[in-house]
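# Coordinates in review
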Amino acid sequence: MIQMPILQETTIAIFAASRGPGPAVAHAAAQQGARIVAIDGNPVALSEIAGLHPVKIETLVMNGDQLENLRNLKDSWGAVPTDLVLNLLPLDPRVEITAQMRGLSALVQAMGRGVVAGKGAIVTVVERPREALSLTAQGMLGAVDHACAALGRELAARSVRVHVVTVPQGQAEMAMKTVLYLGSDAGRSVQSGRIDLG
C-alpha cells in the first residue's frame, strides 16, 4: 500500500480536473501545502474544487478557443517548475482517440518547460475496459500507452518521467495515492512506464 507522500512546496497541474480522482488529488495535495492549477471545461466543477482550498487551488476554464486557452495556460504556468502534470482527459468518454492525442500534445507544449524545470512527471490515468471486445476503449488504452511511452523516451534525458496509470473501468478514484506518490520527491525514483492498479 502506498503511503501519502509529502507534497509541501509541490506544484501540480490537473487537466480534466473534475474527472475521476481529480477533485481528491487537488484536495489532498492542497491540504499538504501543494500549489494546484485545476483545468477543466466545467466552471461549476472547478468552483467546487477550488472552494476546498481557495488559497492553494487556482482554476482555469478551458472552453471555446482551445489554442487561446493553451496560450493562456502557457503564459501563466508554462515556465513554472512543475512536479506533476496529471492528465485525466482519457476519463472523458466524449473525447475520441484523435482528440486525446491532440490534447496530450497540447498539454506537453503548454506545460513542457515547467515540467522540465521541475524535473517532474506527466501522469495519465486511463480506465481498462471490462469487455475485451470494447474496441474503442481498447484502442484508447493502446494509443495513450504508446504515446506516453514515446514521450517517456524523449523526455528521459531531461529528467522528466512519463507514466500511464491504468485502473479498472469505473474505478478511476483508486489512482489518487499512486498519482500523488509519482508527483512527490519519493516518486522521482520510479522510472517512466505503465502502472496497472486493481
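Heads up: the structure comes first, above all this text.
Rules of the game
Per chain, the residues get numbers from 1 upward, laid out in the order the sequence is written. Where totals are concerned, whole chains, interfaces and linings use all residues; where local detail is concerned, this predicted model gives features only for residues with pLDDT of at least 70, and gives and counts side-chain atom pairs only at 80 or more. In computing side-chain properties, one takes all heavy atoms of the structure into account and sets aside hydrogens as well as water. Only DSSP runs of H or I with at least four residues qualify as helices, and only runs of E with at least two residues qualify as strands; both kinds are numbered from the N terminus onward. Put simply, the radius of gyration uses C-alpha atoms, and a globule should come to 2.2 Å times the residue count raised to 0.38. Relative accessibility thresholds used throughout: buried, under 20% of the residue-type maximum; exposed, over 50%; partly exposed, between the two (1.4 Å probe, protein chains only). When checking whether two residues touch, look at their non-hydrogen atoms; a contact exists if any pair is within 4.5 Å. Only the protein chains shown count as cover for residues, with accessible areas throughout obtained via the Shrake-Rupley method and a probe of 1.4 Å. Charge convention: Lys and Arg are scored as positive, Asp and Glu as negative, and His as well as the terminal groups of each chain are ignored. Note on charges: their place is set at NZ of Lys, CZ of Arg, CG of Asp or CD of Glu. Take the buried Ala, Val, Leu, Ile, Met, Phe, Trp, Tyr and Cys residues and link them wherever side-chain atoms come within 4.5 Å; each set so joined is a nonpolar core. By definition here, a salt bridge exists when the distance from a side-chain nitrogen of Lys or Arg to a carboxyl oxygen of Asp or Glu is within 4 Å.

Let's shift gears to the overall build of the protein. Counting secondary structure elements, the protein contains 6 helices and 7 strands. Secondary structure elements in the protein, listed N-terminal to C-terminal, are β-α-β-α-β-α-β-α-β-α-β-α-β. Since a compact globule built from 198 residues should have a radius of gyration of about 16 Å, the 15 Å found for the protein is in line with a globular shape. Looking at the 198 residues of the protein, the share that counts as buried comes to 48%. Excluding contacts between residues fewer than 6 apart, the proportion of contacts in the protein whose partners are at least 24 apart in sequence is 70%. Counting only carbon and sulfur atoms, one obtains 53% of the accessible surface of the protein, whose full area is about 9,600 Å². Computing the positive centroid from 17 side-chain charges and the negative centroid from 17, the protein places the two 5 Å apart.

Moving on to the nonpolar core. With 33 residues, the main nonpolar core has Ile14, Ile36, Leu86 and Val125 as its most contacted residues. For this core, the secondary-structure elements that each account for two or more residues are strand S1 (11–15), helix H1 (22–31), strand S2 (35–40), helix H2 (43–52), strand S4 (84–87), strand S5 (121–128), strand S6 (161–168) and helix H6 (176–182). Of all the elements, H1 adds the most residues to this core, at 5 residues. Leaving out residues up to four positions away in the same chain, Leu86 has contacts with Ala13, Ile14, Phe15, Val25, Val123, Val125 and Val179.

Time to look at the pattern of salt bridges. One pass over the structure, following the stated rule, counts 6 salt bridges. Here Asp92 and Arg94 are joined by a salt bridge, their closest N and O atoms 2.7 Å apart. Judged by relative accessible area, Asp92 falls into the buried class, the value being 9%. Residue classification places Arg94 among the exposed residues on the basis of a relative accessible area of 65%.

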